[in-house]
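The primary structure of each chain is shown beneath.
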Amino acid sequence: MYYKTIWHPFCGFENITSLINYHKKATMKTLLLYISGICLLCTNIQAQNPTKWGDVATDDLQMTTYANDPSAPAVVLSDYGRVTVGPRVEYFRHVRIKILKDQGKNFATIEIPYRSFDRYDQITQLQGQTFNINADGKVLKTKLKTSDMDELKTDEMHRRKVFTLPDVKAGSVIEYRYTIRSLDLVQPGNWYFQSVIPTRYSEYEINIPRNFDYLVTYSKGEQLTNTAQQDYAARIQWLYDRDIKDARRELYKQQDLLWESPSQRTRVYLNQGQTTRFKMKDVPAFKPEKGMEVFSDYYPSVKVHLYMVADNYRFFYRPALIAARMDYASYSRSELRYQNQFLGHIAYWLPTWDEANKAWLDQEEMGMRLVKEFNYQPILSEALNGATTASDSINGITNWVKQHVAWNGSFSVSSPHKLDHVLKKGNASSGEINLLLTALLQRAGFDAAPVLIRTRDLGKPENMYPAKDQFNHLLCTIRVNGRNLFRDAATTQNDKGELPWYVKNAQGWILKKNGFGWVEIEEISGIPKTEAQLLEI
């Protein structure tokens, strides 16, 4: 899940411990949500924001507790989002929150992540204001100033807008709105109806133009079983195998429903040329259970992913269509000037996993880094000096990389620089370091391969189809005696091979010509105490 414009689920709490303390009196025996009102509408008429900016009801201003949850420190009064697909995808959001207790003041601090590199995303029309009632019963309005907004760098390609609404106290009503204009046609924006505080009303509107086919997944927070995932994957394969016009005609009879889970809590639609609206009312606060880390994995949500673009488009669609065909890691606006090929009738088609794997292997900054020559002989001579076993060799190469190339703190899945340059620079991202490690292990004779990872703090990966840019970290796996052993020379893995917390229990995609596919990290990691015995042939 990428979180371009998603209100961070931890917003309002310093850490997960404070959040669990908030819910410590609650017991949760099931993840089934009790939602009093759920409505799904499909229409060709574009709706308007039901919440008028600055028009706050007197009852909301005077509210002291939320009737449906008297213990709540704050409540989302309304959360409206709208995405409109065009030459630049426009994502609009308007949020209004009632602060009920001092603890709820933390929800007045907002972060808006976006991709800043080469103006891929542009935040516009960002506004915020706070409403209070004074002792005389007069409504006071305090506006957010531009000087109160901070722009923080996440990494080379991402930034986030951070601001705190002014003059917030228990009893305040706050609201903010903004628009993001993006080149991301592929994943124009996901929506989450729930958060750690109750939500009175939430609505998401998706406007899809003619000849754009999108997979729209509506889920009530369901975690799909393996059987359900296989069934869903079969329907995706059916869509690949069918002529798109025939598929549309068949799905039209089913109101565009491509797949539905046995519980009917997850539905996937293939939408084209439609405006679709999803609404929920009186959504309770999410109460986490032990072991849950990214709460949004369990929220009712709408996720949107481009399946196909099929038509000839005017020149002003050109940047977005080219960006759709390129991995974000390699995207640059300067390249658009040199893309002179005719975009043609098929501008984008969701790849199969086989096609995605091949594309990653052929990508200059990813798979091709493993086959391009670099000066590795002196490194292996030093790293393997004194090694008498396979375990010694793997540890020697891993430790050499750790000692000579420092991790700069950035996660990545690629290496924009050649490996000789990475060695010379002496500091690099996780992708650069572990691609270097993989290349050295391969040249030392090991069956090593990169593993694409989505770290646990970002939530679970999409494994039904190759969602674009969902991975943010790259590891190295070595196949020995039928087992996958794991190495990470970039981050905090210790000498015993124990994995960092944000990788354990995750899923990874092994990237290689043969034997590629999904693996559980437990399988990759091996058992540190017996690893030396396992390695010996």
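As shown above, the structure is provided for reference.
In what follows, the accompanying structure is described. Just so you know, these numbers come straight off a predicted model, no measurement behind them.

Quick notes on the pairing of strand 8 (residues 158-164)
Okay, step 1: Where strand 4 (residues 109-115) and strand 8 come together, 7 bridges link them in antiparallel fashion. Across the sheet, residue P113 finds its bridge partner in strand 8, namely R160.
Okay, step 2: By the bridge criterion, 4 bridges tie strand 7 (residues 150-153) to strand 8 in an arrangement that is antiparallel. Of the residues in strand 8, the one forming a bridge with E151 is K161.
Okay, step 3: Adjacent in sequence and paired antiparallel, strand 7 and strand 8 are bridged by 4 residues.

Let's talk about the sheet that holds strand 7
Okay, step 1: Spatial ordering of the open sheet is given by 4-8-7, a layout of 3 strands whose pairing is antiparallel. Each end of this open sheet is capped by a strand with a single partner; those strands are strand 4 and strand 7. Along the sheet, successive strands turn relative to each other by an average axial angle of 25°, direction set aside.

A short note on the packing of helix 3 (residues 226-241) against helix 4 (residues 244-252)
Okay, step 1: At a closest axis distance of 8 Å, the pairing of helix 3 and helix 4 adopts a crossing angle of 130°. By the angle between their axes, helix 3 is oblique relative to helix 4. Together, R235, W238 and L239 of helix 3 and A247, E250 and L251 of helix 4 make up the contact between the two elements.
Okay, step 2: For the contact of helix 3 with helix 4, the residue count by class is 4 nonpolar, no polar and 2 charged.

Some remarks on the nonpolar core
If you look at soluble globular proteins, the nonpolar side chains tend to sit buried side by side.
Okay, step 1: Counting residues in hydrophobic clusters, the biggest one holds 83 residues, and the most contacted among them are L215 and V302.
Okay, step 2: In contact with L215, not counting residues within four places along its chain, are I236, L239, L258, V268, Y269, L270, K303, V304, H305, Y307, L350 and Y465.
Okay, step 3: Formed by 40 residues, the second largest nonpolar core is a distinct cluster that contains A356, L419, L437 and A490.

Here's the deal with the sheet that holds strand 20 (residues 448-453)
Okay, step 1: Taken in spatial order, the 5 strands of this open sheet run 22-21-20-23-24, and their pairing is antiparallel. Whereas interior strands pair on both sides, the edge strands pair on one side only; in this sheet they are strand 22 (483-487) and strand 24 (517-520). With strand direction ignored, the average angle separating the axes of adjacent strands in the sheet is 40°.
Okay, step 2: As paired elements, strand 20 and strand 21 (residues 473-480) share 6 bridges and run antiparallel to each other. If you follow L452 over to strand 21, its bridge partner there is L474.

Description of the environment of L499
Okay, step 1: Within the secondary structure layout, L499 lies in the loop between strand 22 and strand 23 (507-510).
Okay, step 2: A C-alpha to C-alpha distance of 8.2 Å links L499 and R487, two positions 12 residues apart in sequence.

Some remarks on helix 7 (residues 353-362)
Okay, step 1: For helix 7, the set of buried residues is W353, A356, N357 and W360. Seen from one end, helix 7 has its buried residues packed into an arc of 100°, which puts them on one side. Exposed residues lying more than 90 degrees from the buried face of helix 7 are D354 and K358.
Okay, step 2: On its buried face, helix 7 is in contact with strand 20, strand 23 and strand 24.

Some remarks on the packing of aromatic side chains
Okay, step 1: Inspection of the entire model under this criterion finds 27 aromatic pairs.
Okay, step 2: Ring geometry for W353 versus W509: centroids 4.6 Å apart, planes at 20°, classification stacked. One end of the pair, W353, is in helix 7; the other, W509, is in strand 23, with 156 residues separating them in the sequence.
Okay, step 3: By relative accessible area, which is 3% here, W509 ends up buried.
Okay, step 4: Seen from their ring centres, F374 and Y376 are 5.8 Å apart, and the 55° between their planes marks the pair as tilted.
Okay, step 5: Judged by its relative accessible area of 6%, F374 is buried.

So, the packing of helix 9 (residues 390-404) against helix 11 (residues 430-443)
Okay, step 1: Helix 11 packs onto helix 9 with a crossing angle of 145° between their chain directions and a minimal axis gap of 10 Å. Helix 9 and helix 11 meet at a crossing whose hand is right-handed. Packed against helix 9, whose contacting residues are I394, I397, T398 and V401, the element helix 11 presents I433, L436, L437, L440 and L441 at the interface.
Okay, step 2: Looking at the contact of helix 9 with helix 11 residue by residue, the classes come out as 8 nonpolar, 1 polar and no charged.

Conventions and cut-offs
- Every chain is numbered independently, its residues counted from 1 as its sequence is written.
- Predicted model: local features are reported for residues with pLDDT of at least 70 only, side-chain atom pairs are reported and counted for 80 or more only, and whole-chain, interface and lining totals are derived from all residues.
- Hydrogens and waters are ignored; side-chain quantities use all the structure's heavy atoms.
- We treat two strands as partners when DSSP finds at least two bridges between them.
- Each helix is a run of H or I in the DSSP string that is no shorter than four residues. Each strand is a run of E no shorter than two, and both are numbered from the N terminus.
- Lines fitted to C-alpha atoms define the axes here, with helix axes fitted over just the stretch in contact, and angles between the N-to-C directions of these axes take values from 0 to 180 degrees.
- For classification, angles of less than 35 degrees are called roughly parallel, those exceeding 145 degrees roughly antiparallel, those between 65 and 115 degrees roughly perpendicular, and all remaining angles oblique.
- Any pair of residues with heavy atoms lying within 4.5 Å of one another is described as a contacting pair.
- Charged residues are taken to be Asp, Glu, Lys and Arg, nonpolar residues to be Ala, Val, Leu, Ile, Met, Phe, Trp, Tyr, Cys and Pro, and polar residues to be all remaining types, Gly included.
- Here, nonpolar core means buried Ala, Val, Leu, Ile, Met, Phe, Trp, Tyr and Cys residues that are tied together by side-chain atoms lying within 4.5 Å of each other.
- Categorising residues by exposure relies on relative accessible area from a 1.4 Å probe, with only protein chains included: less than 20% of the type maximum marks a residue as buried, more than 50% marks it as exposed, and the intermediate range marks it as partly exposed.
- The arc refers to the directions leading from the helix axis to the C-beta atoms.
- Stacked, tilted and edge-to-face pairs are distinguished by plane angle, under 30 degrees for stacked and over 60 for edge-to-face with tilted covering the rest, among Phe, Tyr and Trp rings (Trp via its six-membered ring) whose centres lie within 6.5 Å.
- We call a crossing left-handed when the near helix sits turned anticlockwise from the far one by less than a right angle, and right-handed when that turn is clockwise.

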